[in-house]
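Here's the letter readout for the chains.
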Amino acid sequence: MSVLSESVVAVTTRLLAQPQTPDPTLPPSTIPDEAVTPGVWGFVAIAFVAVATVLIVVDMTRRVRRTRYRGEVRERIQAERDEATVAAAALDDEELPGDADRRARPVEGDLDDDGDRRRRERDS
């Protein structure tokens, strides 16, 4: 260690080794301990803070639970939609009786490749 660091350690050790003495500038307390208590208003303030804290925690718990339930319901609905989409795709792949007739008939509002609906209506 260097000379500077040794001197810093020595000074710090001497300062910490000194006994703690009370500050002689402060006069001894003349106020009785009963007069220093928070009293009724202090109790009312702390009780109000405690009740408000409990109410806020209960409200927060309800909101978090409601948000979690909404997320679960959304996931369930999305899963049902996905299942319905898969089922509809499976049905589209199957040839059902009468599908050929439905494909041959024009559906109202459909457009030809050219976008000319009138021509199809004229022909039929």
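Residues numbered from 1 in each chain as written. Predicted model: local features only at pLDDT ≥ 70, side-chain atom pairs only at ≥ 80, totals over all residues. Heavy atoms only, no water.

1. Quick look at the overall build of the protein
Okay, step 1: When its secondary structure is counted, the protein shows four helices and zero strands.
Okay, step 2: Ordering the α and β elements of the protein from the N terminus gives α-α-α-α.
Okay, step 3: Here the protein holds 124 residues, and the buried ones make up 2% of them.
Okay, step 4: When the accessible surface of the protein is totalled, it reaches about 12000 Å², and 61% of it is carbon and sulfur. (Helix = DSSP H or I, 4+ residues; strand = E, 2+ residues; numbered from the N terminus. Buried < 20%, exposed > 50% of the residue type's maximum accessible area, 1.4 Å probe, protein only. Areas by Shrake-Rupley, 256 points an atom, 1.4 Å probe, with all protein chains shown as cover.)

2. What about the pattern of salt bridges?
Okay, step 1: Evaluation of the coordinates by the stated rule reveals two salt bridges.
Okay, step 2: Asp59 serves as the salt-bridge partner of Arg62, at 3.7 Å between the closest nitrogen and oxygen. A residue pair is termed a helical-turn pair when its members lie 3 or 4 positions apart in one helix, as Arg62 and Asp59 do in helix H2 (residues 39-93) at three residues.
Okay, step 3: In this structure, Arg63 engages Asp59 in a salt bridge whose closest nitrogen and oxygen atoms are separated by 2.9 Å. Highlighted residues: Arg63 and Asp59, both in helix H2, separated by four residues, approximately one helical turn.
Okay, step 4: One salt-bridge network, in which partners are shared between bridges, spans Asp59, Arg62 and Arg63. (Salt bridge = Lys/Arg side-chain N within 4 Å of Asp/Glu carboxyl O.)

3. Topic: the confidence of the model for the protein
Okay, step 1: Here the protein averages 78 in pLDDT, while 69% of its residues score no lower than 70.
Okay, step 2: Across the protein, the secondary-structure element scoring lowest on mean pLDDT is helix H3 (residues 99-104), at 56, and the one scoring highest is H2, at 92. (pLDDT = per-residue confidence, 0-100.)

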